[in-house]
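Okay, here's what each chain looks like letter by letter:
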Amino acid sequence: MSRTTTSHAASTSTDSLSTTSSMSLLSARLPRRAAFAALLLPLAACAAGSGDADGAAGGSDGGPDGGASGGSDRGASGGADGGAASDGALTVTDPWVKASEEGMTACFGTLTNGTAQDLVLSGARTAASSLVELHETTADGSGGMSMQEKEGGFPLPAGSELVLEPGGNHLMLMDLTAALRPGDEVELILDFEDGTEHPFTATVKDFAGAQEHYEPEDSAGAVASDGGGEHDHGSDHGTAHESDHEEDQ
Amino acid sequence: MTPQETSAPQLGRRHLLRAGSLGVGALGVGAASVGLDRALRDGDRAAPSPSAAAAEPLHGGVIVPFHGEHQAGIETPAPGAATFVSLDLREEVDREGVLRLLRLLTDDAARLTRGEPALADTEPEMAAEPAALTITVGFGPGLMARAERPVPEWLAPLPAFGIDQLEDRFTGGDLMLQIASEDPLTVSHAGRMLLKDSRAFTRVRWVQPGFRRSPGIQAPGTTMRNLFGQLDGSANAAPASEHFSQVVWIQEGPFAGGTSMVIRRIRMDLDGWDEADRTAREQATGTRQDSGAPLSGGTETSDADFEQVSVNGFPVIGEFSHMRRAHGIDEGEHQEIFRRPYNYDIAPPPDSGAISEAGQIFVSFQADLRGQFLPIQQRLDTLDLLNQWTTPIGSAVFAIPPGCAEGEYIGEAVLR
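Turning next to the overall build of chain A. If you tally the helices and strands in chain A, you get 3 helices and 12 strands. Within chain A, residue pairs in contact and separated by at least 24 positions form 71% of the contacts whose partners lie at least 6 positions apart. Summing over all exposed atoms, chain A offers an accessible surface of approximately 9600 Å²; the carbon and sulfur share of this is 49%.

Structural data, given as C-alpha cells:
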C-alpha cells in the first residue's frame, strides 16, 4: 500500500511537505497552495533537506525514500506532474499537538487520502501516550457539543480529506508518558483498518483552545464532554469528508 | 522593492515562490523580490470601484522572501508599519528551550511572511495579506548566554550617554522581534501569533509600535520625514548596493551575513520645536527643512561642503549642527550606519497637560557597532544642537544573526 511506510521522521516529514499536492479533490486553486506546501519545511526536517522546489509538480511523496515506497505503490496515480494529480499517497498536513504538562491532550492536522483505495482510520499510537483514541465532536442535542470516541474509526474514502481540529475531530492522547512542551516533536503512527500504518511527526504548540474536559467513565474508555466553550463551532467543521475546508478561508 | 520588481505582474506566484525557495545564493544581496500577483488576482473582487480596479494594484499580496543569506527586514524597503518587541527569557529556559522557541518562531515567520496561517493559527484568515511582511529576529546578550554560546564583545548595552534619560520599560532584552508590513493589521496578527508561541519561554519586556508612510503615497525610495518635518535617512546607503553590504553586513565569524542593531526610543519635544523658527531649525541640522539639502547647497543627495563660509566668515553648515557632528568632518573621521527608523505618536501621559507624546524609534544597522555607531553617537552626545529637542528614553543592542535556509531555524549558524 502506498501509505505503508517503515521509515521515520525524515520521510514522514517530507510526506507532509508534498501533502497538499496530492489532494485530488481540490480544484483550480490548488496549484498555488501546493506551491506553498512545498516550501513548508517542517521544523526538524533539516536532515531531509529535500524541499523540492517544484512543489506544484507534487512528484515526490517521500523524498529520500520515495523510491522505496514507490515500489509498493499501487501505481494508480501515474505521473504526478499535472499539479493537481494524485500522487497516490496518504499524507498528513500540518500536524500539531497541544502542549500539556501531563494528563491528556489532542493531536490535529489534515489527513488526505491520495490513494485510489477507501481507507478507515482505526487507531493511532505514540510513545508519548499510553493510549490514543479517535474522538469526534457532535451536537449533544441540547445546544452544546459532546465529545466521544468514534466507533468504527474514521472512514477516509479515496481522494477525501479528514480535518482534525480543535472543537472537531481529533486524536486524543490519553495518559501522557511525559510532558509535551512547546516546540517538541512528537512521533505518531496512524493505523488503518487494512493493517497499514502511517508514521508522521507533529509539532507541539502552546494553544489556549481545545479545552475539552474529559471524564473517563472507566479505565478503558473516556466519554468526553467539552467545557461548553465551543458551542456553535464544532458542528460546522471537522466532518470526515470535508474537502475544501482550508481553501475556504 | 525596485520598480522593475513591482511592475512584473506577469510573474506568477508559483514562479516567485520557487525563486524564493532557491535560498541563499539566488537571493543575491538580499534585495527583496516582491510580487503583486495576489493583487491582480484579488483586484476584481476587492477593488472599491470597478473603474479603479485596473489602475490600483493592491498591496496585500506582496511577499518578501523569508529565507536567504540575510534576514529580511533590513535591506528590505521599510514598510508603513512596524512593531518592535523585546522579550526576556524565563528563568527556567535552557539552551534546548531556546532552540525550541527559535524553531517555532522560524516556522511561524516562514508561513506568515508568505501569506499562510501559522501552525495552529486561530485566525488563519488574517494571514492572507502579508503586505510585504517581514519578521526579523535579534539576540540580546542574555539569549546567547542561555544558549551557551559566546556573547560577542560588542553585544552589550551602549555606554551611558549624557543626553540619555533611559527608562527600563524601553531598554534591553534577550530577544527582539521586528515585525513590519505595509499593513498594521497584518503586523498585529503576526505579532500576536509570534507572542503566543513565545509565551511559554519568555515575558514581554517592551513593545514599540511605529509607523512610516503608507504604501502608494510616495515613490519607493523617497526619504521619510520624521515628526520634526525633517527628511530623515538621506545619507543611507542604497539597498542592494555594494556600499550597503559594506556598511551593514558582518563579513566574518559566526554572525557573518548578520549585523548589529541599535534601537533607541528618542522622545521629540514637538512643543519646543514649535518655538524654533525655520532658520533656527535649519541651523540645528545643517540642512534645509524643505528639500533636505545641505545648507551649502544642492539637493538632498548632494555632498555637504563643510568648508563653505558665509559672508561673515562663519561655516554655512554650523559647527554644532547635527549633520556636521554626525559626519565627523572636524574630527577627521567618518563613519556610516544604515538608519531604518519609525515614528511614534501616542497619547500623552494623563494629567500632564501635554498635547502629544511623540518621537522616533531610532533603528540602525551596522556591521561594526563599536567602529561605526559608537563614534557617531559619542560625537552627537558631546555636541549637537538637535539635542535641545530630543531625549533618548530607551536603548537596546541586538545581534542580528544571518538569514536561514529552508529547514534551518533563525540563528542556527550562530547557535549550532
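Now that the structure has been shown, the text picks up again.
Attention shifts here to the overall build of chain B. Helix and strand counts for chain B come out as 13 helices and 11 strands. Out of the 416 residues belonging to chain B, those deemed buried represent 55%. Sequence separation of at least 24 residues holds for 78% of the intrachain contacts in chain B that already meet a minimum separation of 6. Accessible surface computed for chain B: about 17400 Å², of which carbon and sulfur atoms make up 53%.

Moving on, we come to the side chain of Arg325(B). All names here are of chain B. Counting through the fold element by element, Arg-325 comes out in helix H11 (residues 322-327). A relative accessible area of 9% places Arg-325 in the buried class. Excluding residues within four positions of it along the chain, Arg-325 makes contact with Glu-319, Phe-320, Glu-331, Arg-379, Leu-380, Thr-382, Leu-383 and Asp-384.

Moving on, we get to the nonpolar core. With 55 residues, the main nonpolar core has Leu175(B), Ile179(B) and Leu415(B) as its most contacted residues. Looking at this core, the element that brings in the most residues is helix H5 (residues 95-113) of chain B, giving 9 residues. Other than its neighbours up to four places away in sequence, Leu175(B) contacts Val85(B), Ser86(B), Leu87(B), Leu101(B), Leu102(B), Leu105(B), Val137(B), Gly138(B), Phe139(B), Gly140(B), Leu143(B) and Phe398(B). If you look at the next biggest cluster of nonpolar residues, it comprises 27 residues, including Ala99(A), Ala124(A), Leu164(A) and Phe192(A).

So, about unusual backbone geometry. Not every positive phi belongs to a glycine, and Asp94(A) is a case in point at roughly 50°. Tracing the chain through its elements places Asp94(A) in strand E1 (residues 90-98).

So, about H5(B). Residues and elements named next belong to chain B. Here H5 contains 19 residues, and its C-alpha end-to-end distance of 27 Å stays within 8% of the 27 Å for a straight helix at 1.5 Å per residue. When you tally the buried positions in H5, you get 17 out of 19 residues, the bulk of the element. Positive phi shows up at Gly-115, right after H5, with a value of about 85°.

Residues and elements named next belong to chain B. Under the 1.5 Å per step criterion, the end-to-end length of helix H12 (residues 369-382) is 18 Å for 14 residues, consistent within 8% with the ideal 20 Å. Inspection of H12 places Leu-369, Gln-372, Phe-373, Leu-374, Pro-375, Ile-376, Gln-377, Arg-379 and Leu-380 among the buried residues, and these make up the whole buried set. Where H12 starts, the residue carrying a side-chain oxygen 3.2 Å from the main-chain nitrogen of Arg-370 turns out to be Asp-368.

All names here are of chain B. Where H5 contacts helix H7 (residues 184-198), the two axes come as close as 9 Å, and the packing angle between them is 160°. Judged by the inter-axis angle, H5 sits roughly antiparallel to H7. As H5 packs across H7, the resulting crossing turns out to be right-handed. Seen from H5, the contacting residues are Leu-101, Leu-104, Leu-105, Asp-108, Ala-109 and Leu-112; seen from H7, they are His-189, Ala-190, Met-193, Leu-194, Asp-197 and Ser-198. A per-class count over the contact of H5 with H7 returns 8 nonpolar, 2 polar and 2 charged.

Next up on the list: the environment of Glu75(B). Residues and elements named next belong to chain B. Here Glu-75 lies in the loop between helix H4 (50-53) and strand E1 (81-89). Assessed through its relative accessible area of 3%, Glu-75 is described here as buried. At 2.7 Å, the side chain of Glu-75 and the backbone nitrogen of Ala-240 are in polar contact.

Now for the pairing of strand E7 (residues 161-164) of chain A. Residues and elements named next belong to chain A. Taking every second residue as pointing to the same face, both faces of E7 are buried, with Glu-161 and Val-163 on one and Leu-162 and Leu-164 on the other. The sheet contact formed by strand E2 (residues 105-113) and E7 spans 4 bridges and is antiparallel. Counterpart to Leu-111 in the pairing with E7 is Leu-162.

A surface patch of like charges, here negative, comprises Asp269(B), Asp271(B), Asp274(B) and Glu275(B). Relative to the elements of secondary structure, Asp269(B) occurs in the loop between strand E7 (259-268) and helix H9 (270-275).

This brings us to the environment of Val204(B). All names here are of chain B. As for its placement among the helices and strands, Val-204 is situated in strand E4 (residues 202-211). Each C-alpha atom of the pair Val-204 and Asn-343 lies 21 Å from the other, and the pair is 139 residues apart in sequence. Not counting residues up to four positions away in its chain, the partners in contact with Val-204 are Ser-86, Leu-87 and Leu-195.

With that settled, the discussion passes to the confidence of the model for chain B. Residue and element names in this part refer to chain B. Overall, the prediction assigns chain B a mean pLDDT of 89, with 87% of residues at 70 or greater. Across residues 1-47, where pLDDT falls below 50, the model places 79 contacts with residues more than four positions away in sequence or in other chains. This prediction of the complex comes with two scores: 0.77 for pTM and 0.83 for ipTM.

Further remarks concern the pattern of salt bridges. Tallying each qualifying case throughout the model produces 24 salt bridges over all chains. Two residues, Glu96(B) and Arg100(B), come together in a salt bridge whose shortest N-O distance is 3.0 Å. Of this pair, Glu96(B) and Arg100(B) both sit in helix H5, separated by 4 residues, roughly a single helical turn. Looking at Arg100(B), the relative accessible area reads 7%, which means it is buried. Residues Glu167(B) and Arg169(B) are paired through a salt bridge, measuring 2.6 Å at the closest nitrogen-oxygen approach. Overall, Glu167(B) belongs to the partly exposed group, its relative accessible area being 21%. In this structure, a network of salt bridges that share partners links the residues Arg181(A), Asp184(A), Glu96(B) and Arg100(B).

Moving on: the confidence of the model for chain A. Residues and elements named next belong to chain A. Averaged over all residues, the pLDDT of chain A equals 65, while 50% of them reach at least 70. The weakest mean pLDDT in chain A belongs to helix H3 (residues 66-71) at 34; the strongest belongs to strand E9 (residues 185-192) at 98. Low confidence marks residues 1-85, where pLDDT is under 50. Its contacts with residues over four positions away, or in another chain, come to 174 contacts. Counting interchain partners and residues more than four positions distant, the pLDDT-below-50 stretch residues 215-249 has 75 contacts.

Moving on, we get to the packing of aromatic side chains. Enumeration according to the criterion identifies 9 aromatic pairs over all chains in this entry. Measuring from centroid to centroid gives 5.8 Å for Phe84(B) and Tyr342(B), while their planes differ by 65°, and the two rings are edge-to-face. Highlighted residues: Phe84(B) in strand E1 and Tyr342(B) in strand E9 (residues 342-346), separated in sequence by 258 residues. This pair shows no difference in class: Phe84(B) is buried, exactly as Tyr342(B) is. Geometrically, the ring pair formed by Trp273(B) and Trp389(B) is edge-to-face, given 5.0 Å between the ring centres and 85° between the ring planes. One end of the pair, Trp273(B), is in helix H9; the other, Trp389(B), is in the loop between H12 and strand E11 (390-400), with 116 residues separating them in the sequence. Classification of Trp273(B) as buried rests on a relative accessible area of 2%. The class for Trp389(B) is buried, based on a relative accessible area of 9%. Site record: aromatic cluster; members linked through ring pairs are Trp96(A), Phe108(A) and Phe207(A). Positioned above the aromatic ring of Tyr342(B) is the side chain of Arg212(B), whose terminal nitrogen or guanidinium carbon lies 5.6 Å from the ring centre.

What counts as what
Residues take numbers from 1 onward in each chain, read along the sequence in its written order. Think of it this way: whatever chain is written first is A, whatever ligand is written first is 1, and the rest follow in order. Per-residue local features are limited, in this predicted model, to residues with pLDDT of at least 70; the limit for side-chain atom pairs, both in listing and counting, is 80 or more; totals at the level of whole chains, interfaces and linings are taken over all residues. Only heavy atoms go into the side-chain values, all of them from the structure, while hydrogens and water stay out. Where helices and strands are cited, they refer to DSSP runs of H or I of at least four residues and of E of at least two residues respectively, numbered from the N terminus. Note on contacts: a residue pair qualifies if any of its non-hydrogen atoms lie within 4.5 Å across the two residues. Accessibility throughout is a Shrake-Rupley quantity obtained with a 1.4 Å probe, and a residue counts as covered only by protein chains that appear here. Using a 1.4 Å probe on the protein chains alone, a residue whose accessible area is under 20% of its type maximum counts as buried, one over 50% counts as exposed, and one in between counts as partly exposed. For this analysis, a nonpolar core means a set of buried residues of the types Ala, Val, Leu, Ile, Met, Phe, Trp, Tyr and Cys, connected via side-chain atoms within 4.5 Å. Multiply 1.5 Å by the residue count of a helix minus one, and that product is the helix's expected span. Two N or O atoms form a polar contact when they lie within 3.5 Å of each other; inside protein one atom must be a possible hydrogen donor and the other a possible acceptor, and for residues adjacent in sequence the pair counts only when both atoms belong to side chains. Here an axis means a line fitted to C-alpha atoms, over the contact stretch when the element is a helix, while the angle between two N-to-C directions is reported on a 0 to 180 degree scale. Roughly parallel means an angle under 35 degrees; roughly antiparallel, over 145; roughly perpendicular, 65 to 115; everything else is oblique. Each crossing gets its handedness from the near helix: less than a right angle anticlockwise from the far helix is left-handed, clockwise is right-handed. Classification used: nonpolar for Ala, Val, Leu, Ile, Met, Phe, Trp, Tyr, Cys and Pro, charged for Asp, Glu, Lys and Arg, polar for all others including Gly. Whether two strands pair depends on DSSP finding at least two bridges between them. Any residue with relative accessible area above 30% and no salt bridge may belong to a patch, with like charges joined within 9 Å and the nonpolar Val, Leu, Ile, Met, Phe, Trp and Tyr side chains within 5 Å. When a carboxyl oxygen of Asp or Glu lies within 4 Å of a side-chain nitrogen of Lys or Arg, that pair is called a salt bridge. When charges are counted, neither His nor the chain ends are considered; positive counts come from Lys and Arg and negative counts from Asp and Glu. Taken as the charge centre is NZ of Lys, CZ of Arg, CG of Asp or CD of Glu, depending on the residue. Note: pLDDT gives the predictor's confidence per residue, expressed from 0 to 100. We call Phe, Tyr and Trp rings a pair once their centres come within 6.5 Å, taking the six-membered ring for Trp, and we label the pair stacked below 30 degrees between planes, edge-to-face above 60, and tilted otherwise. Working rule: Lys NZ or Arg CZ, within 6 Å of ring centre, within 35 degrees of ring normal, means a charge sits over the ring.

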